[in-house]
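If you want the building blocks of each chain, they are given just below.
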Amino acid sequence: MLRDLPSVEAMLVALERRGALCELSRSVAAELVRGVLDEHRARVRAGDPVDVPAIERAVLDRIGAAGVRTLRPFLNASGILLHTNLGRAPLAEEARIAVQQASGASSVELNLETGRRGSRQDHLEPFLRDVTGGEAALVVNNNAAAVLLATSALAAGREVIVSRGEQVEIGGSFRMPDVVRASGAALVEVGTTNRTRLGDYEQALTPRTALLLKVHRSNFRVIGFTEETGVAPLAALGRQAGVPMFFDLGSGALLDVRRFGLENEPTVQQAIAAGADLVAFSGDKLLGGPQAGILVGKAALIAVLRRHPLARAMRLDKLGVAALAETLRLYRNPERAVQRIPIWRMLAAKPADLRARCDRLAAALRAAGPIAHVTITATQSEVGGGALPGLPLPSFGLRLRRDDLRPAAWAARLRSAATGVLVRLEDDALVADLRSLLPEDDEALRAALAS
Ligand SMILES: *Cc1c(COP(=O)(O)O)cnc(C)c1O
């Protein structure tokens, strides 16, 4: 019976004829086929019949599984607006088009006037200067890199003073103090968890002090008996002592969030106006652009950073440059930024409008048939992505239940679809929160739920 098993070569020829091998090299395919044949041979020895169609099916399954796409588009109905697992800020249409265009040959480092080599920073720096009021700007591939570059270039082998109340862990168990230490600077911690005064910084100043560092408490709060030293007094102390004041702002809002009835999140403009010498922030949090780390501040400091070898090792890729340039362009008119940049559109959405979208979706789902119990629920979203922690945003969502499927199993199915859907699991139901989804994606959500 073993002689009835097809040869590896015969299997490959059959698969090739069916067009099943176009994504694989012959040697990789041969390896998969050999594996399946070995397993089948063992089964035949144990008494099973030779089943050629089953062998073919097993090979096709394995080819499919080996090439499965794990990076897929997702609909974010989680209610977390900047969801780290979903890549934080979704890009504005303008930025998406720019990425598409920049993916071929582009002028990313071509000086259009001279025809010689230019700098990719030139596409970004003018916008950043205009929007933030900083003298100069430098962009790298994320904010942790921006902090590492700044401390490496300005403080390696010397001391950085930071408050004990501003020791932030940013997620994935990475901690900003460790990032600073990796630069070769020594951290000098001052104050206590709840209170750090200007005098604490002043007493810690030595001839070895290279930076006064302030880190925004972007993802946690300290409440009760607290005191924090603001940017202005700290920057003034730095000027007196001849030590630059560096602010890791985290989110880097370029618009005042209070216009949406939210609590204050300091803007980059405010930090610069208050006298910070150097400010670092992310491109993909409240700015609403691609992953990037942005440094703005005094031209003399930026010039030092620009020359450091890490600036080259951390440079932003051309797709990020394209997306960030178009996102920043939108901020030249703040009204346009609010209308076009997804994170601001989500923050600006009115509960009544979210409720109306829920009504339309619920009606459409009920009309499709009695598959699920659909109701509308008032719920709370959050900004996420390390911004405005603990701040609930009023929202509306669909509450979904099925008699034939447990919520967790349904959520898993929604996650594994070609266009995935991320929902919240609440007690005995799924909740699809509409604040983290743009209205133009409602139809895709309906289709995903219906299927
Ligand atoms: C988010 C955050 C970072 C890290 O920024 P990435 O762009 O994710 O590297 C650093 N510091 C603070 C205060 C943050 O909130």
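The shown structure was predicted, so the numbers you read here are calculated from the model rather than taken from an experiment.

Basis of the calculations
- Residues numbered from 1 in each chain as written.
- Predicted model: local features only at pLDDT ≥ 70, side-chain atom pairs only at ≥ 80, totals over all residues.
- Heavy atoms only, no water.
- Helix = DSSP H or I, 4+ residues; strand = E, 2+ residues; numbered from the N terminus.
- Buried < 20%, exposed > 50% of the residue type's maximum accessible area, 1.4 Å probe, protein only.
- Salt bridge = Lys/Arg side-chain N within 4 Å of Asp/Glu carboxyl O.
- Axes fitted to C-alpha atoms, helices over the stretch in contact; angles between N-to-C directions.
- Parallel < 35°, antiparallel > 145°, perpendicular 65-115°, else oblique.
- Left-handed = near helix turned anticlockwise from the far one by under 90°.
- Contact = heavy atoms within 4.5 Å.
- Nonpolar A, V, L, I, M, F, W, Y, C, P; charged D, E, K, R; others polar.
- 1 Å grid on protein atoms, 1.4 Å probe; cavity = no way out; pocket = protein on both sides within 12 Å on 5 of 7 lines; lining within 4 Å.
- Points joined across faces, edges and corners; volume = space filled by probe spheres on them.
- Domains from an automatic or database assignment.
- Pairing = 2+ DSSP bridges.
- Near = heavy atom within 4 Å.
- Polar contact = N/O pair within 3.5 Å; in protein donor to acceptor, adjacent residues only side chain to side chain.
- Areas by Shrake-Rupley, 256 points an atom, 1.4 Å probe, with all protein chains shown as cover.
- Arc of directions from axis to C-beta.

**What to know about unusual backbone geometry**
Backbone geometry follows two general trends: most residues other than glycine have a negative phi, and most peptide bonds adopt the trans configuration.
Next up, step 1: Unusually for a residue other than glycine, Arg88 sits at a positive phi of about 55°.
Next up, step 2: Relative to the assigned elements, Arg88 resides in the loop between strand 2 (80–82) and helix 4 (93–102).
Next up, step 3: A residue is classified by how much of its surface remains accessible, and Arg88, at 23% relative accessible area, is partly exposed.

**Here we look at the pattern of salt bridges**
Next up, step 1: Scanning the entire structure with this criterion turns up 37 salt bridges.
Next up, step 2: Here Asp428 and Arg399 are joined by a salt bridge, their closest N and O atoms 3.0 Å apart. With Asp428 in the loop between strand 15 (424–426) and strand 16 (429–433) and Arg399 in strand 13 (residues 393–401), this pair connects stretches of sequence that are 29 residues apart.
Next up, step 3: For Arg402, the salt bridge is made with Asp404, and the minimal N-O distance between the two is 3.0 Å.
Next up, step 4: For Arg402, a relative accessible area of 18% puts it in the buried group.
Next up, step 5: The exposed category is assigned to Asp404, whose relative accessible area is 55%.
Next up, step 6: In this structure, a network of salt bridges that share partners links the residues Arg399, Arg424, Glu426, Asp428 and Asp433.

**Notes on the packing of helix 2 (residues 26–45) against helix 3 (residues 52–66)**
Next up, step 1: Two numbers describe how helix 2 lies on helix 3: the axes approach to 10 Å, and their chain directions differ by 135°. It follows from the interaxial angle that helix 2 and helix 3 lie oblique. Considering only the axes of helix 2 and helix 3, their crossing is right-handed. In this structure, helix 2 uses Leu32, Val33, Gly35, Val36, Leu37, Glu39 and His40 to contact helix 3, whose residues at the interface are Ile55, Ala58, Val59, Arg62 and Ile63.
Next up, step 2: In the contact of helix 2 with helix 3, the residues fall into eight nonpolar, two polar and two charged.

**Details of the layout of surface pockets**
Next up, step 1: For the largest pocket, the calculated volume is near 910 Å³.
Next up, step 2: Forming the boundary of the largest pocket are 38 residues, of which Leu86, Ala89, Pro90, Leu91 and Arg96 lie nearest the centre.
Next up, step 3: Counting residues per element, the ones that place at least two in the lining of the largest pocket are strand 1 (74–76), helix 4, helix 13 (318–330), helix 14 (334–340) and helix 15 (342–348).
Next up, step 4: Per-class residue counts for the lining of the largest pocket are 18 nonpolar, ten polar and ten charged.
Next up, step 5: In terms of domain composition, the lining of the largest pocket takes at least three residues from each of domain 2 (74–83 + 345–450) and domain 3 (93–340).

**Observations regarding the pairing of strand 3 (residues 136–140)**
Each regular strand displays side chains that alternate between the two surfaces of the sheet.
Next up, step 1: Counted residue by residue, strand 3 has five buried out of five residues, so it is predominantly covered.
Next up, step 2: Summarising the sheet, strand 3 and strand 11 (residues 293–297) pair through five bridges and their orientation is antiparallel. From the neighbouring strand, Val139 faces strand 11, where its bridge partner is Ile294.

**As for the site of the ligand**
Next up, step 1: Around the ligand, the surrounding shell holds 13 residues, and the nearest of these are Ala144, Ser218, Asp248, Ser282 and Lys285.
Next up, step 2: Asn143 places a main-chain nitrogen or oxygen 2.9 Å from an oxygen atom of the ligand.
Next up, step 3: The separation between an oxygen atom of the ligand and a polar main-chain atom of Ala144 is 2.9 Å.
Next up, step 4: Taken by itself the ligand offers 380 Å² of open surface, and the protein chains cover 93% of this.
Next up, step 5: Listed by contribution, the elements that provide at least two residues to the shell around the ligand are helix 6 (143–155) and strand 9 (245–250).

**Examining the sheet that holds strand 9**
Strand pairing in a sheet relies on backbone hydrogen bonds. The paired strands run either parallel or antiparallel.
Next up, step 1: Ordered by their spatial adjacency, seven strands build an open sheet running 3-11-10-9-8-4-7, and the pairing between neighbours is mixed. Of all strands in the sheet, those with a lone pairing partner are strand 3 and strand 7 (186–190), marking the two edges. Across the sheet, the axes of successive neighbouring strands diverge by a mean angle of 25°, strand direction being ignored.
Next up, step 2: Relative to strand 11, strand 10 (residues 278–282) runs antiparallel, the two sharing five bridges. Note on strand 11: the bridge partner recorded for Phe281 is Ile294.
Next up, step 3: On the sheet, helix 6 packs against strand 3, strand 4 (159–163), strand 8 (209–215), strand 9, strand 10 and strand 11 and is oriented at approximately 155° with respect to strand 10.

**Observations regarding helix 1 (residues 8–17)**
Next up, step 1: Those residues of helix 1 not exposed but buried are Val8, Met11, Leu12 and Leu15. For helix 1, the angular spread of buried residues about the axis comes to 100°, placing them on one side.
Next up, step 2: Along its buried surface, helix 1 packs onto helix 2 and helix 3.
Next up, step 3: Where helix 1 ends, the next residue or the one after it, Gly19, has phi of about 75°, a positive value.

**Quick look at empty space enclosed by the protein**
Next up, step 1: Here the structure, examined in full by the defined rule, presents one cavity of 30 Å³ or more.
Next up, step 2: Its boundaries defined by the atoms lining it, the largest cavity holds a volume of some 30 Å³.
Next up, step 3: Along the walls of the largest cavity sit Val162, Glu166, Gln167, Met176, Pro177, Val180, Leu187, Leu213 and Val215, which together make up its complete lining.
Next up, step 4: Taken together, the elements giving at least two residues each to the lining of the largest cavity come down to helix 7 (176–181) and strand 8.
Next up, step 5: When residues of the lining of the largest cavity are assigned to their parent elements, the largest contribution, three residues, is made by helix 7.
Next up, step 6: Grouping the amino acids of the lining of the largest cavity by side-chain chemistry returns seven nonpolar, one polar and one charged.

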